[in-house]
2 protein chains.
Amino acid sequence: MSLHNDNWFTEANEQTGIAFSLRLTKKLHEEQSPYQLITIYDTKEFGKLMALDGLYMVTDRDNFIYHEMMSHTALFAHPNPRTVVIIGGGDCGTLREVLKHPTVEHAIQIEIDERVTRVSEQYFPVLCESNHDPRAQLLFEDGIKWMAAAADQSCDVIIIDSTDPIGPAEGLFNEKFYRECRRVLATDGILIQQSESPLLHLPLLKSIHTAMRKAGFTATRTLHFPQCIYPSGWWSATLASHEDVTQFRVNSTPSFDTRYYNAQIHTASFALPTFVTETLRDCENTPQLSE
Amino acid sequence: MSLHNDNWFTEANEQTGIAFSLRLTKKLHEEQSPYQLITIYDTKEFGKLMALDGLYMVTDRDNFIYHEMMSHTALFAHPNPRTVVIIGGGDCGTLREVLKHPTVEHAIQIEIDERVTRVSEQYFPVLCESNHDPRAQLLFEDGIKWMAAAADQSCDVIIIDSTDPIGPAEGLFNEKFYRECRRVLATDGILIQQSESPLLHLPLLKSIHTAMRKAGFTATRTLHFPQCIYPSGWWSATLASHEDVTQFRVNSTPSFDTRYYNAQIHTASFALPTFVTETLRDCENTPQLSE
């Protein structure tokens, strides 16, 4: 359910019983792409806003938290990330952060909806400022099919920067897709997947761990961070690898500016609340509370 | 500004450009106390909700995060907390957490509005379950006056569990009040103050540090945690003491159940995002990013 009026953009969800609204100044753009309704608003206090099918995707003001945590936690945990694959991520904010890493030689973004990227280029030029970096490759196709066709052990980090696990992104949250990711990752590779709200979607979070484990990943861990515009204002990402959990520890620190991420935040973001630890205990490498 | 309709309770703020809503099932209670409008709703997914003057105060579902972080971080950082003073905290959820600590001999809650506590006793019986603990003392008077009259060095921990720094709570956010708190705290005492949203209220957060420093506290540090119902879904608390910052480190771990707080969360909650660190650099004992 989505409520609109002239003054506020509201994302309301009957299942979670939550609605969140931003004060608007005007609607800048709206189009129905082959996949979804893309709307751009100018807001009073959050800069520009992109909504897909009436759901918050990105604002100028707070996207830095999500984009930095979805990219730098995986890339700084990896000893030498050279080839990075982004599934989804059509606003290009994750790609921009990935390309800040001097080790990265090739960053491939596979977004199913080209219109999301084209509209972002127009309304979020800062997020798209690295789209023409010679190391960047923007593909507009189905990420599931792309992954199924990719060569074994051909990339170092896979970032699943997807919408919610309903609609186009549903196939990105299951064992079959994670198995392909595992095959495509190098032996020291790291997968990171946005994994929704710890407060609202804990059963989903557990099912993501379970599916990653069934797909053959031997280490999985969840981190968390604030994200104002997403339901509950609190969001998570879940990492998976072939190796021991220690490889998610921070390996090096940024040689570039960040606004949310730093080495202390990297480590801290893996400290989980007790109610989350208790739910994930059987399926995660969470340090026990007694340690 | 506060919007109401039959289906949702909405707190909307023109200045921040944000509105947050919970789906209601019914209004259970409303009264105008001498200080504020107290409203209790039953919500669809968050249990009972208390609003004061149309602003979210507490829900059954997510209050544990705020109450645990406002109490345990200060009490577990203190070597031996025996006397604890809570300014505000009328829903009694902080008092309940404080009394879980076996070292605590005396916990005094000074809430200006007795009706908040009486209504909480009726609608939030779990939060009020320790109100009759023989160590608990509930006073209904002005916290500023109480503090001015309190004996020197007579308590170990002061928790300022207040509403926003407008209206009745305005006098709890300034140098004069902090100076009284410093006088009333023992030499190894710790003050903790709720300090609003890191995303929305950064200038206030800085002014709290500055006022605490001017009041003579030599160590101040901010921690942060998610809080779904408060503006931006992300909240903070700021600690102050006479001693070196190291005393905010976790000293011992809970002998009782917690749902959000644990020793790892304690440490992690002090890891600040880069944009916060940069703002507070001059007035906080934040470890430098290069460490």
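Residues numbered from 1 in each chain as written. Chains lettered and ligands numbered in written order. Predicted model: local features only at pLDDT ≥ 70, side-chain atom pairs only at ≥ 80, totals over all residues. Heavy atoms only, no water.

### As for the interface of chain A and chain B
By a widespread convention, an interface's size corresponds to the accessible area lost as its parts come together. Each partner contributes to the interface: chain A provides 45 residues, whereas chain B provides 45 residues. Roughly 3500 Å² is buried in total at the junction of chain A and chain B, and carbon and sulfur atoms are behind 60% of that figure. Three residues stand out in chain A for area buried against chain B, namely A:Trp8, A:Leu199 and A:Gln264, and they jointly supply 15% of the buried area on that side. Inspection of the region where chain A meets chain B yields two salt bridges. There are 22 residue pairs in polar contact (both at pLDDT 80 or more) connecting chain A and chain B. Secondary structure elements with two or more residues in the side of chain A that touches chain B: strand E2 (8-13), strand E3 (18-32), helix H1 (63-77), strand E12 (219-226), helix H7 (263-269) and helix H8 (274-280) of chain A. If you tally residues by element for the side of chain A that touches chain B, the top one is E3(A), at six residues. Here the residues of the side of chain A that touches chain B are counted per class, giving 25 nonpolar, 13 polar and seven charged. (Contact = heavy atoms within 4.5 Å. Buried area = accessible area lost by both parts, 1.4 Å probe. Salt bridge = Lys/Arg side-chain N within 4 Å of Asp/Glu carboxyl O. Polar contact = N/O pair within 3.5 Å; in protein donor to acceptor, adjacent residues only side chain to side chain. Helix = DSSP H or I, 4+ residues; strand = E, 2+ residues; numbered from the N terminus. Nonpolar A, V, L, I, M, F, W, Y, C, P; charged D, E, K, R; others polar.)

### Focus: the domain arrangement of chain A
All names here are of chain A. Splitting chain A by domain gives domain 1 (2-59) and domain 2 (63-283). Taken over C-alpha atoms, the centre of domain 1 sits 24 Å from the centre of domain 2. At the junction of domain 1 and domain 2, the tally comes to one salt bridge. For Glu31, the salt bridge goes to Arg115, with nearest N and O atoms at 2.7 Å. Inspection of the region where domain 1 meets domain 2 yields six residue pairs in polar contact (both at pLDDT 80 or more). For the side of domain 1 that touches domain 2, the elements supplying multiple residues, two or more each, are E3, strand E4 (37-43), strand E5 (48-52) and strand E6 (55-59). With six residues, E3 is the single largest residue contributor to the side of domain 1 that touches domain 2. Of the residues in the side of domain 1 that touches domain 2, the class split is 15 nonpolar, five polar and three charged. (Domains from an automatic or database assignment.)

### Overview of the pattern of salt bridges
Residue and element names in this part refer to chain A. Counted according to the given criterion, the structure contains 26 salt bridges over all chains. A salt bridge links Lys100 to Glu97; the shortest N-O distance between them is 3.1 Å. According to the relative accessible area criterion, Glu97 is buried, its value standing at 3%. Overlapping salt bridges bring together Arg96, Glu97, Lys100 and Glu129 as one network. (Buried < 20%, exposed > 50% of the residue type's maximum accessible area, 1.4 Å probe, protein only.)

### Some details on helix H3 (residues 114-123) of chain B
All names here are of chain B. Along H3, the positions that sit buried rather than exposed are Val116, Thr117, Val119, Ser120 and Tyr123. Buried residues in H3, looked at end-on, bunch into an arc of 165°, giving them a common side. Turning to H3, the residues buried within the fold contact strand E3 (18-32), strand E4 (37-43), strand E5 (48-52), strand E8 (106-110) and strand E9 (136-139). (Arc of directions from axis to C-beta.)

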